[in-house]
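This is what each chain is made of:
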Amino acid sequence: MACLCIWPKLCFTLIHSHLRQKLVSKQKMVIRRKAALSLLWMLTALTLHLVIVAGEYFKPFNVTYDHRALLIAGKRRILISAGIHYPRATPEMWPQLISRSKEGGADVIETYTFWNGHEPMSGQYNFEGRYDIVKFAKLVGSHGLYLFLRIGPYACAEWNFGGFPVWLRDIPGIEFRTDNAPFKEEMERFVKKIVDLMMAESLFSWQGGPIILLQIENEYGNIESSFGPNGKKYMTWAAEMAVGLGAGVPWVMCKQADAPEYIIDTCNAYYCDGFRPNSEKKPKIWTENWDGWFANWGERLPRRPTEDIAFAIARFFQRGGSLQNYYMYFGGTNFGRTAGGPTQITSYDYDAPLDEYGLLRQPKWGHLKDLHAAIKLCEPALVAADSPQYIKLGPKQEAHVYHGTPHNNGQYLSLNESLCSAFIANIDEHESATVKFYGQEYTLPPWSVSILPDCRNTAFNTAKVGAQTSIKTVGLDSVSVGNNSLFPQLRIKSKLRSISQSWMTLKEPLGVWGDKNFTSKGILEHLNVTKDESDYLWYLTRIYISDDDVSFWEENDVSPTIDIDSMRDFVRIFVNGQLAGSMKGKWIKVVQPVKLVQGYNDILLLSETVGLQNYGAFLEKDGAGFKGQLKLTGCRNGDINLTTSLWTYQVGLKGEFLKVYDVNSTESAGWTELPNDAIPSVFSWYRTKFDAPGGTDPVALDFSSMGKGQAWVNGNHIGRYWTLVAPKNGCGRTCDYRGAYNSDKCRTNCGELTQAWYHIPRSWLKTYNNVLVIFEETDKTPFEISIATRSTETICAQVSEKHYPPLRMWSHSEFDGKLSLMDKTPEMHLQCDEGHMISSIEFASYGNPKGSCQKFSQGKCHAANSLSIVSQDGWWFEFGAEGVHFICQILKSLNQSFIPLQACKGRNSCTIGISNAVFGDPCRHVVKNLAVQAKCSPPPDLSTSASV
């Protein structure tokens, strides 16, 4: 057992000062240097975390660049950037997302701006709530991070209409993203609006704000040729316009090889190590490192291996990169109708280091955190060298060495005399390789990079993952499910709590329901009618069927069909009030058999958008709904052309118009009680009340029992849902990180719903009487909808005694900047979610344990004390009995209260040294690993528990 105090904030500084005098002083007590440094490092980090005060940004500084890097206040910097789109989270989530990005090693936060969110109607601006970009920028600055603002204003981003407001397409004569006066006028007005707003709020670096970099346009090089000579003219105009706004920081254009001299052209891809800007005067910047990919309804889910993304980043900096941005570091949620299209899902999880709910995705987050730390150790050498020294080490092995200043004769100083950092790469996709570098041998796994901050000792290898794996859970009484939902590592509970058994219902009328319907000859384009105010557009016409036609069909045993030449995204076809069929697709042909009767028949088509097109040229012409001819085929006297018929149009749903999802909607709207044995019907609204789950863990709704529709909680639109199942094939049992990645390489979730769980931000919930409203298009009823919290329940790790030492053991000399390594003993770090504790150690073995997370077993070599050491000793066990006693005496001298705790058990996190000195040597001459599996639980009483 060890003693641990419950520290007030001021205590951190006092303890830090006291320990610095006592622990390091040989006259007082000799405690191993590593232990002292470990404790000091932890206390320093905690102290610094506490003294960050919102509103303190930077002293004004200028940002320029040379061929090697951005120059921040005149100094070259190697920068790690984390992509976070502010509207894909709530303002209440922003501080934690930014903080966790910084903890993960980010220097910069990157985001697009979202024109259609900020200007939903021409001239009417919205900078509130999730669109409060000023608040977001100030939060970034208050955390001591820089901001990379990609104004665009075209975003793509799998965002509805690529970020363009739909009203833009109605401007006479407009053509998007080309040398078109109406478009350029609107684009310049919005870009200027954003720049002026940032300037008015003093958010640019030269004003003491966090913004160091801006972007104009977005991946325009992909489509520039589609516009002929006008594409080049437009690109040049956009660059000149942006620079002319006087923002005072550099501008970039991504994927724009012909960018002007005064604009930095940058790379977007899975790998950018081979990218070169179009001028030797520009630094190498990676604006989008795709650490995952998006998903569509009914598709498998992509997952990018941790080892591969680490390899790609290390290669980028190895070969001269200066700034790398994760797209995404946090993906978030496409709330409301913001998802792009067609048919992209509501979750924008993106397999990012922070998952959709803001939880750490392990081991990706932890492994990349270590990578960032290793790169930062190399930063002095990286920025000192104009270019690396290249050394060929083998057929597929190479090193890039960054030295400090060479002698006047051009020769580099010796390793003992100069700054020196090296990256050694094995780009062989299959075989490990042993290479000789500066007289020492290094063994590298396939498709990996080793980072040597001092050109001697390996600080990190991209393929050797020491970070923990986290298994997330929802509900009670967990059972394992493979490849489930958005998380390959997820445990679904066998007993999920139904959100309610008491529901109200409201029938949505089919077809024409309001006074604002109109009749027109011919088929009108969907967006021209709806202006994207709703997903739904009703088309109604009436046709006459003769006795001869009915007899013809009966005699020939055939059915007539309604044929639509081209349709997107989804159509439902009703005949005389009955659903005949439906179809999903992007500009596909529809052939739907129908049953008609003699006399007049009502043909009702419901066109549905599921996110507007967000990528490509000529977005304003893409449209939605139907194209080409619409016919009734199979009649005795030939086809009937319905394209030129009179059609009555009705935009949206009556429930939308009445805002029945509003919390103040009452029985006056027509709500009635829904019996448990009610006969299911299509197109129904459902409403219930529920209490929020306890605690602070993220909350989600399970819509796997439903069909297709939309949902609101307390009036907040959480998004579309659709229970489409991914194909059963196409997901391998394993995912080999080796070799170039693409979005089809490591698919998961085969045979499962593409998305079953839907995020409800905690800030949208009250403790009691929350209102859930659902619009359901199919005949599903809501009684099986469940609600659950999401958290990490199981954490596992396996680390070798030959693993690289913890990155915090490295330090730069204050005198000459050279690196030194204090201790080479590897460590294992275990951590539960914030507010949760390690409640038990389920497995621990130091030796040669077998298996993997959730399947560990002891090998022939096993230290019998493994479980007791891991359970009862964390970072302080290395102090020994005298050290622990000494720490306790210090805490007592500060008049602190004490509680008994076991080091790992009962703590949020713990660190375990991996060596024979800790566990003893259970089998000589064998390389040993430590494997641990632990369970995390919320503390039984949050009011009395302590977490350090």
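Rules behind the numbers
- Residues numbered from 1 in each chain as written.
- Predicted model: local features only at pLDDT ≥ 70, side-chain atom pairs only at ≥ 80, totals over all residues.
- Heavy atoms only, no water.
- Disulfide = S-S within 2.5 Å.
- Buried < 20%, exposed > 50% of the residue type's maximum accessible area, 1.4 Å probe, protein only.
- Helix = DSSP H or I, 4+ residues; strand = E, 2+ residues; numbered from the N terminus.
- Contact = heavy atoms within 4.5 Å.
- pLDDT = per-residue confidence, 0-100.
- Pairing = 2+ DSSP bridges.
- Axes fitted to C-alpha atoms, helices over the stretch in contact; angles between N-to-C directions.
- Core = buried A, V, L, I, M, F, W, Y, C linked by side-chain atoms within 4.5 Å.
- Lys, Arg positive; Asp, Glu negative; His and termini not counted.
- Salt bridge = Lys/Arg side-chain N within 4 Å of Asp/Glu carboxyl O.
- Polar contact = N/O pair within 3.5 Å; in protein donor to acceptor, adjacent residues only side chain to side chain.
- Phe/Tyr/Trp six-rings, centres within 6.5 Å; stacked < 30°, edge-to-face > 60°.
- Lys NZ or Arg CZ within 6 Å of the ring centre and 35° of its normal.
- Parallel < 35°, antiparallel > 145°, perpendicular 65-115°, else oblique.
- Nonpolar A, V, L, I, M, F, W, Y, C, P; charged D, E, K, R; others polar.
- Left-handed = near helix turned anticlockwise from the far one by under 90°.
- Arc of directions from axis to C-beta.

- The name given to the chain in an unreviewed UniProt entry is Beta-galactosidase 9 isoform X1, with Nicotiana tabacum as the source organism.

### So, the state of the cysteines
Move 1: All chains considered together, the criterion is met by eight disulfides.
Move 2: With a sulfur-sulfur separation of 2.0 Å, Cys267 is cross-linked through a disulfide to Cys272. In this structure the cystine formed by Cys267 and Cys272 twists about its S-S bond by roughly -80°; its chirality is therefore left-handed. Here Cys267 matches Cys272 in class, with each residue buried.
Move 3: With its sulfur 1.9 Å from that of its partner, Cys420 forms a disulfide with Cys455. Across the S-S bond linking Cys420 and Cys455, the dihedral sits near -80°, which makes this disulfide left-handed. Of the two residues, Cys420 is situated in strand β16 (residues 420–426) and Cys455 in the loop between β19 (448–452) and β20 (460–461); the sequence distance between them amounts to 35 residues.
Move 4: Taking relative accessible area as the criterion, Cys455 reaches 1% and is therefore assigned buried.
Move 5: Cys267 supplies the cysteine sulfur nearest to Cys254, a cysteine that is in no disulfide, at a spacing of 9.5 Å.
Move 6: Just so you know, Cys378 is unpaired, no disulfide at all, and the nearest cysteine sulfur is the one on Cys455, 8.2 Å from it.
Move 7: Given the relative accessible area of 0%, Cys378 is considered buried.

### Points about the environment of Met235
Move 1: Position of Met235 relative to the elements: it lies in helix α7 (residues 229–243).
Move 2: If we skip the residues at most four places from it in the chain, Met235 touches Tyr220, Glu224, Met253, Gln256, Asp258, Ala259 and Pro260.

### Let's talk about the confidence of the model for the chain
Move 1: A residue-level look at the chain finds 86% of positions with pLDDT of 70 or above and a mean pLDDT of 89.
Move 2: Every residue in residues 942–948 scores below 50 in pLDDT, and together they form twelve contacts with partners more than four places removed in sequence or on other chains.

### A few points about the sheet that holds strand β8 (residues 211–216)
Move 1: Reading around the circumference, β5-β6-β7-β8-β9-β10-β11-β13 is the order of the eight strands in this closed barrel, with parallel pairing throughout. Averaged over neighbouring strand pairs, the angle between their axes works out to 30° when direction is ignored.
Move 2: Relative to strand β13 (residues 323–330), strand β5 (residues 79–84) is paired through five bridges, and the arrangement is parallel. By the bridge assignment for β13, Leu79 is matched with Leu323.
Move 3: Contacts from helix α8 (residues 306–318) reach β5, β11 (285–290) and β13, with the element oriented near 160° to β13.

### Details of the nonpolar core
Move 1: Formed by 126 residues in total, the largest nonpolar core has its most connected members in Met198 and Trp251.
Move 2: Residue contributions to this core peak at ten residues, all from helix α9 (residues 364–384).
Move 3: Beyond its immediate chain neighbours, meaning those up to four positions away, Met198 contacts Ile133, Val134, Leu149, Leu203, Phe204, Gln207 and Ile211.
Move 4: Counting 31 residues, the second-largest nonpolar core is a separate cluster that includes Leu301, Leu701, Ile718 and Ile787.

### Observations regarding the side chain of Asp697
Move 1: Relative to the helices and strands, Asp697 resides in the loop between β35 (684–690) and β36 (699–702).
Move 2: We note that Asp697 is buried and unpaired, the nearest opposite charge coming from Arg762 at a distance of 6.2 Å.
Move 3: A distance of 2.8 Å separates the side chain of Asp697 from the side chain of His836, its partner in a polar contact.
Move 4: Apart from the residues within four sequence positions on either side, Asp697 is in contact with Arg762, Thr789, Arg790, Ser791 and His836.

### A closer look at the packing of aromatic side chains
Move 1: The full count for this structure, using the stated rule, is 64 aromatic pairs.
Move 2: With centroids separated by 5.7 Å and ring planes inclined at 80°, the aromatic side chains of Tyr536 and Phe775 adopt a geometry described as edge-to-face. With a gap of 239 residues between them, Tyr536 in strand β27 (residues 536–545) and Phe775 in strand β41 (residues 770–776) connect regions that are remote in the sequence. Phe775 shares its class with Tyr536; the two are buried.
Move 3: Their ring planes at 5° and their centres at 4.7 Å tell us that Tyr661 and Trp712 sit as a pair that is stacked. Of this pair, Tyr661 sits in the loop between α13 (654–658) and β34 (672–674) while Trp712 sits in strand β37 (residues 708–713), and the two are 51 residues apart along the sequence. Comparing Tyr661 with Trp712, the two get one shared label, buried.
Move 4: In this structure, Lys627 is placed above the aromatic ring of Trp587, and the distance from its NZ or CZ to the ring centre is 4.2 Å.

### Focus on the packing of α8 against α9
Two quantities define a packed helix pair, namely the angle between the helix axes and the distance between the axes.
Move 1: As a packed pair, α8 and α9 sit with axes 10 Å apart at the nearest point and diverge in direction by 10°. Looking at the two axes, α8 sits roughly parallel to α9. Contacts between α8 and α9 pair Thr306, Ile309, Ala310, Ile313, Ala314 and Phe317 from the former with Lys364, His367, Leu368, Leu371, Ile375 and Leu382 from the latter.
Move 2: Across the contact of α8 with α9, the residue classes tally to nine nonpolar, two polar and one charged.

### Some thoughts on the pattern of salt bridges
Move 1: A full pass over the atoms with the stated rule returns 44 salt bridges.
Move 2: Here Arg189 ties to Glu119 by a salt bridge, and the two come within 2.9 Å at their closest N and O atoms. Taken together, the residues Arg189 in helix α6 (residues 181–200) and Glu119 in the loop between α4 (115–118) and α5 (133–142) connect sequence positions 70 residues apart.
Move 3: Assessed through its relative accessible area of 0%, Glu119 is described here as buried.
Move 4: Here the salt bridges share partners, and the residues they tie into one network are Arg77, Asp107, Lys376 and Glu379.

### Things to note about the side chain of Ser705
Move 1: Structurally, the position occupied by Ser705 is in the loop between β36 and β37.
Move 2: Every residue in contact with Ser705, bar those within four places of it in the chain, is listed here: Lys780, Glu784 and Ile785.

### Considering the packing of helix α3 (residues 94–103) against α5
Move 1: Viewed as axis vectors pointing N to C, α3 and α5 meet at an angle of 35°, and their least axial separation amounts to 10 Å. The interaxial crossing formed by α3 with α5 has right-handed handedness. Judged by residue contacts, Trp94, Pro95 and Ile98 of α3 engage Lys135, Phe136, Leu139 and Val140 from α5.
Move 2: The class makeup of the residues in the contact of α3 with α5 is six nonpolar, no polar and one charged.

### Digging into α3
Move 1: Buried residues of α3: Trp94, Leu97, Ile98, Arg100 and Ser101, and no others. Within α3, the buried residues cover an arc of 165° as seen down the axis, which keeps them to one side.
Move 2: Elements that come into contact with the buried residues of α3 comprise β5, β6 (108–112), α5, β13 and α9.
Move 3: Among the residues trailing α3, Gly105 stands out with phi positive, at a value near 110°.

### Details of unusual backbone geometry
Move 1: Along the chain, Gly152 connects to Pro153 via a cis peptide bond; the corresponding omega equals 5°.
Move 2: Position of Pro153 relative to the elements: it lies in the loop between β7 (146–152) and α6.
Move 3: The omega angle of the peptide bond from Gly341 to Pro342 is 5°, so this bond is cis rather than trans.
Move 4: If you trace the backbone, Pro342 turns up in the loop between β13 and α9.
Move 5: Although it is not a glycine, Lys255 sits at a positive phi angle of roughly 50°.
Move 6: Summarising the element assignment, Lys255 is placed in the loop between β9 (251–254) and β10 (264–269).
Move 7: Positive phi outside glycine occurs at Lys659, with the angle close to 55°.

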